[in-house]
Structure formats: C-alpha cells, structure tokens
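# A look at the structure
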Amino acid sequence: MTSVNRDVVREKLGKIRGAFLIVALFSCVVNILMLTGPMFMLQVYDRILASQSVPTLVALLGLAVGLYLMMGFFDFLRTRTLSRAAHWLENELTPLAFRSWLVRSLSGYRPGYRPLQDLSSIRGFLGSPVSLALFDLPWFPIYLSVVFLLHFQLGLLATAGAAVIVVIALLNELLSARPMREAAGLDQSEGRFAELNQKGADSVLAMGMLAHTQRAWRELRSAAIFNQQRGSERSEFFGALSKSFRLLLQSAILALGAYLAILQEISPGMIVAASIIAGRALAPMDQLVGGWRNIKRTHLAYKRLRDYLSRDAESEPVTVELPDPTGRIAVIDATKFPPGPRNPADTKPILHDINFTLEPGDGLGVIGPSASGKSTLARMLVGLWVPDQGEVRIDGATFEQWDIDKIGRHIGYLPQSVELLAGSIAQNIARFEPDPDQRELVDAAKLAGVHEMILGLPDGYATDVDSAVTPLTGGQKQRIALARAVYRQPRLVVLDEPNSNLDADGDAALASAILALRENGSVVVVMAHRPSAIAAVDKVLMLRDGEQMEFGRKEDVIRKFTKAV
Ligand SMILES: Nc1ncnc2c1ncn2[C@@H]1O[C@H](COP(=O)(O)OP(=O)(O)OP(=O)(O)O)[C@@H](O)[C@H]1O
Ligand SMILES: [Mg+2]
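Residues numbered from 1 in each chain as written. Chains lettered and ligands numbered in written order. Predicted model: local features only at pLDDT ≥ 70, side-chain atom pairs only at ≥ 80, totals over all residues. Heavy atoms only, no water.

### Here's the deal with the coordination of the magnesium ion (ligand 2)
Taken together, Ser 375 (OG) and Gln 416 (OE1) make up the full set of protein donors to the magnesium ion (ligand 2), lying 1.9 to 2.1 Å away. With Ser 375 in helix H13 (residues 374-381) and Gln 416 in the loop between strand S6 (411-414) and helix H15 (425-429), the pair connects residues that are 41 residues apart, well separated along the chain. Among the residues examined, Ser 375 registers a relative accessible area of 15% and is labelled buried. The class of Gln 416 is partly exposed, set by a relative accessible area of 41%. (Donors = N, O, S within 2.8 Å, 3.2 Å for Na, K, Ca; no water. Helix = DSSP H or I, 4+ residues; strand = E, 2+ residues; numbered from the N terminus. Buried < 20%, exposed > 50% of the residue type's maximum accessible area, 1.4 Å probe, protein only.)

See the structure below:
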C-alpha cells in the first residue's frame, strides 16, 4: 500500500495566491489614492486661501471627487477579491473537513476538534477588515516618510507614538493571553458537560437531579468565567489606554505642527496634512492591535486544520480497483486495545486473539455477557476499528486495501445504539443515494418487516425521521435501521443487538430476514446476549472478557455450553 502525503490546505491556498497578489496590487492603488485627502487639504489651505481663486477650488474639488471615486472602486474590488477567494477556499476544503471530522469522531469523542468551524473562522478572517489591514501595513513606513518629508520633527513624533502603541499592544498580549487560554480550555470541558446533560435531560429532570447538576455546572462555569473576566479586564484597560493615547498623539502632532508653523518652518496646510497622514499610517496598526486576538485564533485554526487535514489526506491510501467481494471473511489473530494512548504494560485488550473464518451464506451468532467485546468485534468486522494486532480480511483484502466507499456498499451494519440521519425514511433506508432504486428500497423495508409500518405513517416513505408530529419510536427506528443495513442485500451484514427493541413480530421478521440474506449468499453476523436471539444462524462465537471461548457449529457450541453450566 502506498500513501500520499499532501498538505492540502497549503495546496489550496497556493491556488488563490493570484488573488492575494491582485489584492496587494489594488492595495497599492488604494493607499496612494488615500493621500488625496491630505493633499487636497494642503492645496486648499496653502494655495486657495492665499490666491482666493474660486475656479481653482472648483477644479481641485472636481479632481478630488474623481480620485475618491477611484479609491472607492479599488477598495471595493480588493474587498470583493479577498472575500471571493475566502469563499472559494472554504468551499474547496469543506468536503475534506467534513470527512476528517466524521472519521476522527470515530475513535471516541474529540473535544475541540472542529475542522468545519476552523474553516469558517479562516474564511471569516480573510474576508474581514483585519486581513485588509495586513495589506495596508507595508504602507506604514511610506506614510511615515511622507510625514518626515513634511518636517523631520513631526516624523520623529509620529514614529515615537507608533512605538508606544506597539508597546501597549505587546503588554496587553503578555498579560491577558494566559487567563484567556485557560478560559478556553475550561470552556471545552464545560461544553462536554452541557452536552451530556442535555442528552440525559429526561433522567436529570425525572429523578430530581437538576439542582445537583446545576451546582456541578456552576462550579465548572465559574472557573471559566473568572479567567475570562480576568483576561478581558486587562485588555479593557489596555484598550482604553491605547485609544486615548492615539487621540493624544494626533493633538500632539497638531500642536507640534502649530509650533513649527509659528517658527515659520512649515505652512499651516502642512499642520493638518501631517496630522491626517500620521493618523492614516497608524490606522492599520490600530486595526491589527484590535484584531490581534482574531489573528491569533485564525492562526491556530489554520495550524490545526493543516495538521489534521494533511494527516488525513496522508492516511488516505491509494487503492487498486478490486472486484466486488463475495463475502469470505477471515479474522486472524485479531487483538484490539482501547483507542487512545496506552501503556502496553498495564492496558488489557478489549479483544484478544480472535480467530475465525466465514464463508458466503454463513450466519454467525456472537454471544457473551456485557462488556465481553461483542460491539467491538462488530466495529472491527465493518472496518470502523482496525485491529492493533492481526487482521480482518474480506475476500483476502484488508480494509485498507478497499476503497472505503466501495466496500461500504457491500456492508450492512446495525449499530447497538441506532441513530438515523436527518432526512426521510426513504433516504435513510437507501443510504442517502441520490437516485435510489425504488424496488430495492421497498425490498429492504419488506425484508426488515417495516414496509407495512411505513405505509401506515401519514407521509409513508417520505416521512421525516425527526418528524415532530409522529415521532418514530425506538423499535421503529431500529427496524428502519435494519432495513438500511440490508438495503441492496450487502455481502456482509453485521447486526449489533438487533432485537433489543423488537416485539415478537419484529423477532420473527428479523429471523426471516437473516435467513433470506443467507440464502442469497450474504454472511450475517448477529451480536446478542442470549442464545435465543440467534435462531437463524448456524455458527456461534462465544466471547468472555475479550477472549474467544468457543467458535463452531451452533449445536456443538450450545451443547458444550449447556453441559458446562
Ligand atoms: N471507545 C472505547 N474506548 C475505550 N474502551 C472501550 C470503547 N468502547 C468499548 N470499550 C471497552 O471495551 C469493552 C467491551 O465493550 P463492548 O461494547 O465491545 O462490549 P459488549 O460485549 O458489546 O457489551 P454490551 O453487551 O453491553 O453491548 C468494555 O470494557 C468497554 O469499556
Ligand atoms: Mg455491545
């Protein structure tokens, strides 16, 4: 297996490099035209007022209007270019981010991994005035040199002022970053707590746990609030300081200008021009200081996104086109440890040395007490979890060798806790195929014994699974999920406790569905607590504590098992 290593985010950014160049070019034009205001003022004060010529004033005003219009136009163009590029970037990366997010949520909950949010914050940033300020920043020295040209001392004052603003910004960053970071970390555990509580709202309210969870919540929350407050109080102080300093600086430049004018070193027009140009030079700096947190957040989002997306692109194998599987399943010495970091010395595997093979048409019942590893085996069989040692092969190929979407079509999986996806019943059963085969759809529903039930619903197959009017019950959802698992009669069907919510009719439908699938050559694996639940299978695997106790023909295993008890 070869794998590709690609920094996708960078690649896509490279594609919009042209747009950045255009924005930089337009920014040149805008920044030069920005001088229109001060130059106009200079002319009005020093020429027009001296010569008292109205026609010159009108001509100058006309010129200024033209230049302002041009500036507005180019400013609009650069904003538009940037936001279009940002939009394109998000659009291009969204499918990958979505995929990465789904795939990564597999191996357990990952607080803080939100590539889609990261992506939109990058887009938001690129389209914001703060990112434009980055393009204006290189003009800072040029404006400053114009002030120097007006008078050396004015230039010095403006430079010193800019230095003070930078120092204030740095102090702000130094003193408020840590509490803010801590608050962000606490926010995450808080979010997790809230999520679990919301899911368990029924139990919380019914059993009078509200006051207790409220208190636990408050403890978590107040720590976060405290840090947030401390961080923001500090930056409030520095924010006010730098704002009043900027205003002071402008007046100081005006005062120095007036003084120099009194000494007759500069003209009155130059006083105003210097103050305006200095203000203009400081504007992007001001915006960057104000948007600093945003810049940092975006930078972190960018780093995370690059890291994860390129790693996910890297782990995406280049697969060879394989023929459709027939359904020969081999589990060879498979051992699975709990996901996440582990200490090999003291971590017990969830499943240990599992070995068995199944041929097309076989039905396997996996029985064992709670926590014996049945669901883990189910996840391994459908390729969600890769064994840490040993392997699972379908028609001789491991899951890495299959194209994930292609092999998925040949697999039916009914997870232990069923979640239907937002959409209609038909969409759910047909696995969101854009153009499902109506006959296959109805066949799957009939096979799972839900066809009549669905027809009985007000909207039939078009019923929304989240419908507020006729909410589907747990048993109904499970049977619809069963129909989804058997849609197009996949080669391998894995059902994890399929009968946990079923009534007697449902049980019978399940048994006949399993038999029908097997007759058609599919392999069916059923996880169950009780031997009675595996009427329609011919082989049995017994698990206890992650160990394979028995594997063989159903009668043999049951005979041995009942003798032993
Ligand atoms: N995501 C996970 N991270 C860590 N450990 C896990 C994870 N999922 C399952 N386990 C552990 O693996 C063991 C087997 O769990 P599994 O869900 O496979 O059991 P099971 O036989 O399906 O149980 P049940 O009959 O209750 O459904 C348990 O001890 C469980 O704690
Ligand atoms: Mg289970």
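### With respect to the packing of aromatic side chains
Aromatic rings considered in pairs are described by the distance between their centres and by the relative angle of their planes. All chains considered together, the criterion is met by eight aromatic pairs. Seen in terms of ring centroids, Phe 73 and Phe 74 are 5.8 Å apart; in terms of plane orientation they differ by 70°. Their pairing is edge-to-face. A relative accessible area of 46% places Phe 73 in the partly exposed class. Ring geometry for Phe 148 and Phe 152: centres 5.4 Å apart, planes at 45°, overall tilted. Ring pairs connect the aromatic residues Phe 26, Phe 73 and Phe 74, which therefore count as one cluster. Positioned above the aromatic ring of Trp 385 is the side chain of Arg 379, whose terminal nitrogen or guanidinium carbon lies 4.6 Å from the ring centre. (Phe/Tyr/Trp six-rings, centres within 6.5 Å; stacked < 30°, edge-to-face > 60°. Lys NZ or Arg CZ within 6 Å of the ring centre and 35° of its normal.)

### Description of the site of ligand 1
As a matter of local geometry, ligand 1 sits amid 16 residues, with Ser 370, Lys 374, Ser 375, Thr 376 and Gln 416 nearest to it. For ligand 1, an oxygen atom lies 3.2 Å from a polar atom in the backbone of Ser 372. Gly 373 has a polar backbone atom sitting 3.0 Å from an oxygen atom of ligand 1. For ligand 1, whose free accessible area comes to 630 Å², the fraction covered by protein is 65%. The residue makeup of the shell around ligand 1, split by class, is six nonpolar, seven polar and three charged. (Near = heavy atom within 4 Å. Polar contact = N/O pair within 3.5 Å; in protein donor to acceptor, adjacent residues only side chain to side chain. Areas by Shrake-Rupley, 256 points an atom, 1.4 Å probe, with all protein chains shown as cover. Nonpolar A, V, L, I, M, F, W, Y, C, P; charged D, E, K, R; others polar.)

### Digging into the nonpolar core
Counting 43 residues, the largest nonpolar core has Ile 425, Ile 429 and Leu 495 as the members making the most contacts within it. The set of elements that each furnish at least two residues to this core consists of H15, helix H16 (438-447), helix H18 (474-486), strand S7 (492-496), helix H19 (504-519), strand S8 (523-528) and strand S9 (539-544). Take this core: its biggest share by element is six residues, from H18. Among the nonpolar cores identified, the runner-up in size contains 28 residues, and Val 331, Leu 381, Ile 394 and Leu 492 belong to it. (Core = buried A, V, L, I, M, F, W, Y, C linked by side-chain atoms within 4.5 Å.)

### Some words on the pairing of strand S4 (residues 389-394)
Here strand S1 (residues 329-336) pairs with S4 via five bridges, running antiparallel. Looking at the pairing, Ile 329 lines up with Ile 394 of S4. Sheet topology note: the S4/strand S5 (residues 397-398) ladder contains two bridges and is antiparallel. Among the inter-strand pairings, Ile 394 is bridged to a residue of S5, identified as Ala 397. (Pairing = 2+ DSSP bridges.)

### Comments concerning the pattern of salt bridges
Taken as a whole and assessed by the stated rule, the structure comprises 17 salt bridges. The residue Asp 388 makes a salt bridge to Lys 336 at a minimum N-O spacing of 3.9 Å. Taken together, the residues Asp 388 in the loop between H13 and S4 and Lys 336 in strand S1 connect sequence positions 52 residues apart. Owing to a relative accessible area of 35%, Asp 388 belongs among the partly exposed residues under this scheme. Given a relative accessible area of 8%, Lys 336 falls into the buried group. Of the charged contacts in the structure, one is a salt bridge between Asp 556 and Arg 559, with a shortest N-O distance of 3.8 Å. Remark: Arg 559 and Asp 556 occur in helix H20 (residues 554-564); sequence separation between them is three residues, near one turn of the helix. Looking at Asp 556, the relative accessible area reads 34%, which means it is partly exposed. (Salt bridge = Lys/Arg side-chain N within 4 Å of Asp/Glu carboxyl O.)

### Here we look at a nonpolar patch on the surface
A grouping of Phe 98, Trp 101, Leu 102 and Val 103 is seen on the molecular surface, where their side chains present a nonpolar patch of about 370 Å² in accessible area. As for its placement among the helices and strands, Phe 98 is situated in helix H4 (residues 54-105). (Patch = residues over 30% accessible without salt bridge, like charges linked within 9 Å, V, L, I, M, F, W, Y side chains within 5 Å.)

### Describing the side chain of Ser 522
As for its position among the elements, Ser 522 is in the loop between H19 and S8. In this view, Ser 522 contacts Pro 360, Gly 361, Asp 362, Gln 489, Pro 490, Arg 491 and Leu 517; residues no more than four positions away in its chain are not counted. (Contact = heavy atoms within 4.5 Å.)

### Some words on the packing of helix H1 (residues 8-15) against H4
H4 packs onto H1 with a crossing angle of 155° between their chain directions and a minimal axis gap of 10 Å. In terms of orientation, H1 and H4 fall into the roughly antiparallel class. In this structure, H1 meets H4 at a crossing whose hand is right-handed. Judged by residue contacts, Val 8, Val 9, Lys 12, Leu 13 and Lys 15 of H1 engage Trp 88, Leu 89, Glu 92, Leu 93 and Leu 96 from H4. The residue inventory of the contact of H1 with H4, partitioned by class, reads seven nonpolar, no polar and three charged. (Axes fitted to C-alpha atoms, helices over the stretch in contact; angles between N-to-C directions. Parallel < 35°, antiparallel > 145°, perpendicular 65-115°, else oblique. Left-handed = near helix turned anticlockwise from the far one by under 90°.)

### Some thoughts on a negative patch on the surface
A cluster of acidic residues, Asp 333, Asp 353, Asp 545 and Glu 547, forms a negative patch on the protein surface. As for its placement among the helices and strands, Glu 547 is situated in strand S10 (residues 547-553). (Lys, Arg positive; Asp, Glu negative; His and termini not counted. Charge placed at Lys NZ, Arg CZ, Asp CG, Glu CD.)

### Concerning helix H3 (residues 36-51)
Its 16 residues give H3 an end-to-end C-alpha distance of 21 Å, which sits within 8% of 22 Å, the value for a rise of 1.5 Å per residue. The complete set of buried residues in H3 reads Thr 36, Gly 37, Pro 38, Leu 42 and Ile 48. The secondary structure elements touched by the buried residues of H3 are helix H2 (17-33), H4 and helix H11 (268-290). One or two positions beyond H3, positive phi appears at Gln 52, with a value near 55°. (Expected span 1.5 Å × (residues − 1).)

### Brief notes about the environment of Gly 291
As for its position among the elements, Gly 291 is in the loop between H11 and helix H12 (292-314). Sequence spacing of Gly 291 and Ala 133 is 158 residues, and the spatial spacing of their C-alpha atoms is 9.6 Å.

### What about the packing of helix H10 (residues 210-262) against H11?
Running from N to C, H10 and H11 point in directions that differ by 155°, and their axes come no closer than 9 Å. Taken together, the axes of H10 and H11 are roughly antiparallel relative to one another. Handedness of the H10/H11 crossing: right-handed. Packed against H10, whose contacting residues are Arg 246, Leu 249, Gln 250, Ile 253, Leu 254, Gly 257, Ala 258 and Ala 261, the element H11 presents Ile 271, Ala 274, Ser 275, Ala 278, Gly 279, Leu 282 and Asp 286 at the interface. A breakdown of the residues in the contact of H10 with H11 according to their chemical character gives nine nonpolar, four polar and two charged.

### Some words on helix H7 (residues 140-150)
Within H7, burial applies to Phe 140, Tyr 143, Leu 144, Val 146, Val 147 and Leu 150. Along the long axis of H7, the arc covered by the buried residues comes to 150°, so they all point the same way. (Arc of directions from axis to C-beta.)

Limitation: the analysis is restricted to geometry and does not speak to function.
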